[in-house]
Amino acid sequence: MTDVSPSAPAQAAPGRIPELNWADAHRASIQMRYSDIDTNHHVNNGRYGEYLENARIMLMRDVGLWDAGERTVLARMELDYVQEIRAGQDLMVESLIERLGRTSWTVVARILADGVPCAFSRAVLVRVNTDHQPQPLPEWVREALSTLMVRP
């Protein structure tokens, strides 16, 4: 029988995840599912995108965009895998807003497993109408997201 218990806590590779004002970040607890684990007993790389998507939806809900019916589409996503996530670890996604553009906003996020940063992401979301055409960000959306801005 193979042991699938979590490995000893590890440290993230220095410099791979930017030093930002993570204390101000939106936090989304993510529940790992058995189906997220592959034959190497770690989270399959494809699941990281799902975790980040769920965290973005929670962020939108928590700042009031979701219930207001705001529509966004994912235009771009970068994902740096820094360290594997093992079965049984507690997952958290921390997200900050890096940029507010005319029709888009950029979210930077890191996935933590047992408090250790394991991945870093940058995603560009575009506000769209019902025909999926880009629309300018209204002032109230800018205000809702501004509390989570990256600060120097």
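So, how was this worked out
- Residues numbered from 1 in each chain as written.
- Predicted model: local features only at pLDDT ≥ 70, side-chain atom pairs only at ≥ 80, totals over all residues.
- Heavy atoms only, no water.
- Helix = DSSP H or I, 4+ residues; strand = E, 2+ residues; numbered from the N terminus.
- Rg over C-alpha atoms; globule rule 2.2 N^0.38 Å.
- Buried < 20%, exposed > 50% of the residue type's maximum accessible area, 1.4 Å probe, protein only.
- Contact = heavy atoms within 4.5 Å.
- Areas by Shrake-Rupley, 256 points an atom, 1.4 Å probe, with all protein chains shown as cover.
- Lys, Arg positive; Asp, Glu negative; His and termini not counted.
- Charge placed at Lys NZ, Arg CZ, Asp CG, Glu CD.

By the naming in an unreviewed UniProt entry, the protein chain is Thioesterase, taken from Deinococcus malanensis.

1. What to know about the overall build of the protein chain
Helices and strands together make up the secondary structure of the protein chain, namely two helices and five strands. Along the protein chain, helices (α) and strands (β) appear in the sequence β-α-β-β-β-β-α when read from the amino end. Since a compact globule built from 152 residues should have a radius of gyration of about 15 Å, the 16 Å found for the protein chain is in line with a globular shape. Overall size of the protein chain, expressed as C-alpha extent along the three principal axes, is 55 × 35 × 20 Å. Counting all 152 residues of the protein chain, 40% fall into the buried class. Across the protein chain, the fraction of contacts at a sequence separation of at least 24, relative to all contacts at a separation of at least 6, is 71%. On the protein chain, roughly 8400 Å² of surface is accessible, and the fraction owed to carbon and sulfur atoms is 49%. Charge separation in the protein chain, taken as the distance between the mean sites of 16 positive and 20 negative side-chain charges, equals 5 Å.

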